[in-house]
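Inside the fold
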Amino acid sequence: MLTVDGSRLEGGGQIVRLAVALSAISEKPVTVTRIRQNREKPGLAPQHIAAIRAVAGACDAECPGLSPHSSEITFTPGRIRRADLRIDPGTAGSIPLILQAWLPVALRAGGSITVTGGTEVAWSPTIDYLDSVLAPVLRRAGASIAIEVLERGYYPRGGGRVCVRVEPSNPGPVVIPEGGRGCGIASCSAGLPAHVVERQAAAARNLLEEELSSLSCTTTLDAREGGASTGSSITVWSGAKGAVALGKRGLPAEEVGRTAARALARECRSPGTVDVHLADQLLIYLACYGGEYSTNTLSMHARTACWILSEFGYPVGCRANDVVEFSA
């Protein structure tokens, strides 16, 4: 039985999500202790419980006693199998973070998952980032991933709904192609006038054309009238580098667009083949399938992921100089 200290390094939900995913992949039972001990609200939140249940459903794992605020879990996996799951944390918890735990496991045998919650929430990638930045890297390596946004959901009411379908696959190495990168913009909202997404996108496009004149931007607008919640978001990307921003009451739509565009421009001017957030999200796939990529900063999330991977016997090479290089 492997034991992982959930308060080390990043000390948040990332440790729990990675630990149960790696437990399922390696077929090694794991106990995670001191879960989120140093957070303002320590222990498991509904979002973390939902992620654990998603992984457990894909491998018939036993994980008794999952409950809010729990500081310790033991996850005993069975064999990974094809499963069609429905997961609802009952909150506006991040759908993309739940999918982050489930996806590397589900790729082994295929299956589908429908998750309810927040499609775009703070401290999380948006669902559009998952579909347009992370998933294309995995698709190029040979993974079959289809993502359908059924409803948009924003904090605090949530109500978003996403269906993801994957086929069994054994991807090749993670490789980021050089050159030829365009720019994508996905401007989205629920329960707001259509001009909000138009203004977000126009502001982002104008700034990117000024800052990165060589990029040609393709824009997608998704303004939804109904749904349980009200909010807006924008995701911008170029190749394997992306950035996001969320709307909030009193913040002009133009500033939302410019915030995301400025973040992407900084990433594109910085060294490395992927953005600093994608770098840690890809590490589990790099460890499983090999490959290499680089980024501009060794984040705490990346350090944490490298530590957990090594605990499970999946070491990743990391060289941090002017550019941070990962390889396996």
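See the structure above.
Here the structure is a predicted model, which is why all the values come from computation and not from measurement.

1. Structural notes on empty space enclosed by the protein
Within this structure, the stated rule accounts for 1 cavity of 30 Å³ or more. Taken as a whole, the largest cavity spans an internal volume of roughly 50 Å³. Along its surface, the largest cavity is lined by Leu99, Trp102, Leu103, Leu130, Leu134, Ala135, Ile145, Ile147 and Val164. Of all elements in the fold, only helix H3 (95–109), helix H4 (127–140) and strand E6 (144–151) reach the threshold of two or more residues within the lining of the largest cavity. Class assignment of the residues belonging to the lining of the largest cavity gives a composition of 9 nonpolar, no polar and no charged.

2. Here's the deal with the environment of Glu27
Locating Glu27 in the fold gives a position in the loop between helix H1 (13–26) and strand E2 (30–33). Dropping the residues within four chain positions of it, Glu27 is found in contact with Leu22 and Pro77.

3. A word on the sheet that holds strand E13 (residues 317–320)
Read across the open sheet, the 3 strands follow the order E12-E14-E13; overall the sheet is antiparallel. Every other strand in the sheet has two partners, leaving strand E12 (292–295) and E13 as the edge strands with one partner each. Taking the axes of each pair of neighbouring strands and ignoring which way they run, one obtains an average angle of 15° across the sheet. The pairing of E13 with strand E14 (residues 324–327) spans 4 bridges and is classified as antiparallel. Across the sheet, Ala320 pairs through a bridge with Val324, a residue of E14.

4. What to know about unusual backbone geometry
In this structure, Pro156 follows Tyr155 across a cis peptide bond, with omega equal to 5°. For Pro156, the location among the structural elements is in the loop between E6 and strand E7 (160–167). A positive phi is found at Arg36, a non-glycine position, where the angle reads about 50°. Locating Arg36 in the fold gives a position in the loop between E2 and helix H2 (46–59). Arg36 sits in the buried class, given a relative accessible area of 14%. One non-glycine residue, Asp60, adopts positive backbone phi at about 50°. Take Asp60: it is sitting in the loop between H2 and strand E3 (73–75). For Asp60, a relative accessible area of 48% corresponds to the partly exposed category.

5. Focus: the packing of H1 against H2
The contact between H1 and H2 brings their axes to 10 Å, and the two run at 5°. In terms of orientation, H1 and H2 fall into the roughly parallel class. Only Gln47, His48, Ala51, Ile52, Val55 and Cys59 of H2 make contact with H1, whose side of the interface consists of Gly13, Val16, Arg17, Val20, Ala21 and Ala24. A per-class count over the contact of H1 with H2 returns 8 nonpolar, 3 polar and 1 charged.

6. Some remarks on the sheet that holds strand E9 (residues 217–224)
Strand order across the open sheet formed by 4 strands is E9-E8-E10-E11, with mixed pairing between neighbours. One side of each edge strand has no neighbouring strand; the edge strands of this open sheet are E9 and strand E11 (241–246). For this sheet, the mean inter-axis angle between neighbouring strands, taken without regard to orientation, is 10°. The pairing of strand E8 (residues 183–190) with E9 spans 8 bridges and is parallel. Within E9, the residue paired with Ala190 across the bridge is Arg224. Taken strand by strand, helix H5 (residues 195–211) contacts E8, E9 and strand E10 (231–238), and its axis lies near 160° from that of E8. Taken strand by strand, helix H6 (residues 253–269) contacts E10 and E11, and its axis lies near 160° from that of E11.

7. Comments concerning the state of the cysteines
Under the counting rule described, the total for this entry stands at 0 disulfides. Cys188 supplies the cysteine sulfur nearest to Cys163, a cysteine that is in no disulfide, at a spacing of 18 Å.

8. Some words on the layout of surface pockets
As a volume, the second largest pocket reaches approximately 450 Å³. Lining the second largest pocket are 22 residues, and of these Gly231, Ser232, Gly247, Lys248 and Arg249 sit closest to its centre. Every element with two or more residues in the lining of the second largest pocket is listed here: H5, E10 and H6. At 4 residues, H5 tops the list of elements feeding residues into the lining of the second largest pocket. Class assignment for the residues of the lining of the second largest pocket results in 12 nonpolar, 6 polar and 4 charged.

Definitions and limits used
- Residues numbered from 1 in each chain as written.
- Predicted model: local features only at pLDDT ≥ 70, side-chain atom pairs only at ≥ 80, totals over all residues.
- Heavy atoms only, no water.
- 1 Å grid on protein atoms, 1.4 Å probe; cavity = no way out; pocket = protein on both sides within 12 Å on 5 of 7 lines; lining within 4 Å.
- Points joined across faces, edges and corners; volume = space filled by probe spheres on them.
- Helix = DSSP H or I, 4+ residues; strand = E, 2+ residues; numbered from the N terminus.
- Nonpolar A, V, L, I, M, F, W, Y, C, P; charged D, E, K, R; others polar.
- Contact = heavy atoms within 4.5 Å.
- Pairing = 2+ DSSP bridges.
- Axes fitted to C-alpha atoms, helices over the stretch in contact; angles between N-to-C directions.
- Buried < 20%, exposed > 50% of the residue type's maximum accessible area, 1.4 Å probe, protein only.
- Parallel < 35°, antiparallel > 145°, perpendicular 65-115°, else oblique.
- Disulfide = S-S within 2.5 Å.

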